[in-house]
Amino acid sequence: MLVLTLVLAAIGFALLVAALTTGSVIWAWGCIVVCVIGAVLLLVSALSMRRPEGESIQPPGRHAKR
C-alpha cells in the first residue's frame, strides 16, 4: 500500500507541474484529488501497522538456539 501511495504522490506532482505550466484549473483539481486519495491510503496504512497497546514486543535474541 505504501508503494501505491508513492505512485499517487508522483502522479500528483506531475499533475501539479501540468497545472502550473498550462494554467488549467482542471489539472490542479486532479492534483488535489490524487493527493487526497494518497493521504487517505497513507493514513490507513499507518493505522493498520500500529500494534495494540497490550501487546508486548519480545527482544529479538531471546529464543535463539546456541
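The structure contained in this document is the topic of the report that follows. Since the model is a prediction, treat every value here as computed from it, not as a measurement.

Overview of the overall build of the protein chain
And then number 1: Across its full length, the protein chain carries 2 helices and 0 strands.
And then number 2: Taking all 66 residues of the protein chain together, the buried fraction comes to 14%.
And then number 3: Roughly 5700 Å² of accessible area belongs to the protein chain as shown, and the carbon and sulfur atoms make up 72% of that amount.

Looking at helix 2 (residues 25–49)
And then number 1: Taking 1.5 Å of rise per residue, 25 residues should cover 36 Å, and helix 2 covers 36 Å from first to last C-alpha, within 8% of that figure.
And then number 2: Contact partners of the buried residues in helix 2: helix 1 (2–22).
And then number 3: N-cap assignment for helix 2: the residue whose side-chain oxygen lies 3.3 Å from the backbone N of Ile-26 is Ser-24.

Overview of the packing of helix 1 against helix 2
The geometry of a pair of packed helices is captured by two quantities: the angle between their axes and the separation between those axes.
And then number 1: Contact geometry of helix 1 with helix 2 gives a least axis separation of 8 Å together with a crossing angle of 160 degrees. With respect to their mutual orientation, helix 1 and helix 2 come out roughly antiparallel. Crossing hand, helix 1 versus helix 2: left-handed. Touching Leu-2, Leu-4, Thr-5, Leu-8, Ile-11, Gly-12, Leu-15, Leu-16, Ala-18, Ala-19 and Thr-22 of helix 1 are Trp-27, Ala-28, Gly-30, Cys-31, Val-34, Cys-35, Ile-37, Gly-38, Leu-41, Leu-42 and Ser-45, all from helix 2.
And then number 2: Class assignment for the residues of the contact of helix 1 with helix 2 results in 16 nonpolar, 6 polar and no charged.

Rules behind the numbers
Residues numbered from 1 in each chain as written. Predicted model: local features only at pLDDT ≥ 70, side-chain atom pairs only at ≥ 80, totals over all residues. Heavy atoms only, no water. Helix = DSSP H or I, 4+ residues; strand = E, 2+ residues; numbered from the N terminus. Buried < 20%, exposed > 50% of the residue type's maximum accessible area, 1.4 Å probe, protein only. Areas by Shrake-Rupley, 256 points an atom, 1.4 Å probe, with all protein chains shown as cover. Expected span 1.5 Å × (residues − 1). Contact = heavy atoms within 4.5 Å. Polar contact = N/O pair within 3.5 Å; in protein donor to acceptor, adjacent residues only side chain to side chain. Axes fitted to C-alpha atoms, helices over the stretch in contact; angles between N-to-C directions. Parallel < 35°, antiparallel > 145°, perpendicular 65-115°, else oblique. Left-handed = near helix turned anticlockwise from the far one by under 90°. Nonpolar A, V, L, I, M, F, W, Y, C, P; charged D, E, K, R; others polar.

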